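Here is how the chains run, residue by residue.
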Amino acid sequence: MSPPDPPAGWAGLPFFRDGWPALRARLSIAPDWQPTAIFRALELTARAQVRVVILGQDPYHTPGRATGLAFGFPPGVRPQDSLRNILTELQADTGTSPRDGELAGWARQGVLLLNSVLTVPVGQAFGHKGWGWEALVAQILAATTADGPRALLLWGKPAQRACAKLPRADHLFIETAHPSPLSAHRGFFGSRPFSRVNHWLALRGEAPIDWAA
């Protein structure tokens, strides 16, 4: 499986000069991994368009499940686990839900659905943790927050640790428990992240996110 070239809008990050060549070579000889569209989140949400960041962990390791968007499911596949809880909270918060669980409609509106690790071996959760993706994600987070005020939805301790050193001024940080079935009841349910993001955007004179898209 040949790793793709970086998206043009993000290719100027130092990672793609300093870290990507070695990681790309390692992936090219690694056993089966997914998704093939590993930079899809960056392709659908250009750097200049980012308004909201939702930070996940690594792609689904079930064959055929990963889409390149954090928490997203393939079209036509019934949402389960964390995504089902995310959509449950969305319905309770806004009274709406997206057409399907792919979430590409969010990405096209400036919601960067970014995983902390962009590849995973089939059947091995966290199998590529520590391979070097963390450096890219740190640079993406630093760049997007330096570009202007952003809303960051940080669900769970790993996402919160990844953003611990980011500046807080001007940005909206919503930090709760992870939406997984094991922890959603510990503060994710009832947190109303979607309406809070749209309220913050409205105060800035920006269009809201259509979470039903």
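Quick look at the structure, then. It should be emphasised that the depicted structure is a prediction, and the values quoted were computed from it without experimental measurement. (Residues numbered from 1 in each chain as written. Predicted model: local features only at pLDDT ≥ 70, side-chain atom pairs only at ≥ 80, totals over all residues. Heavy atoms only, no water.)

So, the overall build of the protein chain
Tallying secondary structure elements over the protein chain gives eight helices and six strands in all. Along its sequence from the N terminus, the protein chain presents helices and strands in the succession α-α-β-α-β-α-α-β-β-α-β-α-β-α. Taking 213 residues into account, the globule formula puts the C-alpha radius of gyration at 17 Å, and the protein chain, at 16 Å, falls close to it. By its C-alpha atoms, the protein chain is 45 × 35 × 25 Å across when sized along the principal axes. In the protein chain, which comprises 213 residues, the proportion classed as buried is 52%. (Helix = DSSP H or I, 4+ residues; strand = E, 2+ residues; numbered from the N terminus. Rg over C-alpha atoms; globule rule 2.2 N^0.38 Å. Buried < 20%, exposed > 50% of the residue type's maximum accessible area, 1.4 Å probe, protein only.)

Quick look at helix α8 (residues 193–203)
Those residues of α8 not exposed but buried are P193, F194, V197, N198, W200 and L201. Taken end-on, α8 shows its buried residues confined to a sector of 160 degrees, consistent with a single buried face. In α8, the exposed positions angled more than 90 degrees off the buried face are occupied by H199, A202 and L203. Phi turns positive one or two residues past the end of α8, at G205, with a value near 80 degrees. (Arc of directions from axis to C-beta.)

Observations concerning the environment of A46
Positionally, A46 belongs in the loop between α3 (40–44) and β2 (52–56). When the C-alpha atoms of A46 and H185 are compared, they prove to be 33 Å apart, with 139 residues separating the residues in sequence.

Topic: the side chain of H171
Its location among the elements puts H171 in the loop between α7 (157–162) and β6 (172–176). At 2.9 Å, the side chain of H171 and the backbone nitrogen of R150 are in polar contact. Apart from residues no more than four positions distant in its own chain, H171 is found in contact with T145, G148, P149, R150, L152 and W200. (Polar contact = N/O pair within 3.5 Å; in protein donor to acceptor, adjacent residues only side chain to side chain. Contact = heavy atoms within 4.5 Å.)

A short note on the nonpolar core
In globular proteins that are soluble, nonpolar side chains generally tend to be buried together. One finds W106 and W133 to be the most contacted residues of the largest nonpolar core, which totals 62 residues. Take this core: its biggest share by element is six residues, from helix α6 (residues 133–147). Non-local contacts of W106, meaning those with residues more than four positions away in its chain, are made with I54, I86, L90, P98, V111, L113, F194, D210, W211 and A213. (Core = buried A, V, L, I, M, F, W, Y, C linked by side-chain atoms within 4.5 Å.)

A closer look at the pattern of salt bridges
Applying the stated criterion to the full structure yields eight salt bridges. Ionic pairing is found between D5 and R24, a salt bridge with its closest N-O pair at 2.8 Å. One end of the pair, D5, is in the segment before α1 (15–18); the other, R24, is in helix α2 (residues 20–28), and 19 residues separate them in sequence. The exposed category is assigned to D5, whose relative accessible area is 52%. (Salt bridge = Lys/Arg side-chain N within 4 Å of Asp/Glu carboxyl O.)

Some thoughts on the packing of helix α4 (residues 81–94) against α8
For the pair α4 and α8, the least separation of the axes is 7 Å and the interaxial angle reads 55 degrees. By the angle between their directions, the pair α4 and α8 is classed as oblique. Residues I86, E89, L90, D93 and T94 of α4 touch α8, and the partners they reach there are P193, F194 and S195. In terms of residue class, the contact of α4 with α8 is built from four nonpolar, two polar and two charged. (Axes fitted to C-alpha atoms, helices over the stretch in contact; angles between N-to-C directions. Parallel < 35°, antiparallel > 145°, perpendicular 65-115°, else oblique. Nonpolar A, V, L, I, M, F, W, Y, C, P; charged D, E, K, R; others polar.)

Side note on α4
The first and last C-alpha atoms of α4 sit 20 Å apart over 14 residues, in line with the 20 Å expected at 1.5 Å per residue. Regarding α4, the residues found buried are S82, L83, N85, I86, L87, E89, L90 and D93. Of the surrounding elements, those touching the buried residues of α4 are α5 (104–107), β5 (151–155) and α8. Once α4 ends, the next one or two residues include G95, with phi positive near 80 degrees. (Expected span 1.5 Å × (residues − 1).)

Everything listed here is a matter of geometry and, on its own, says nothing about what the molecule does.
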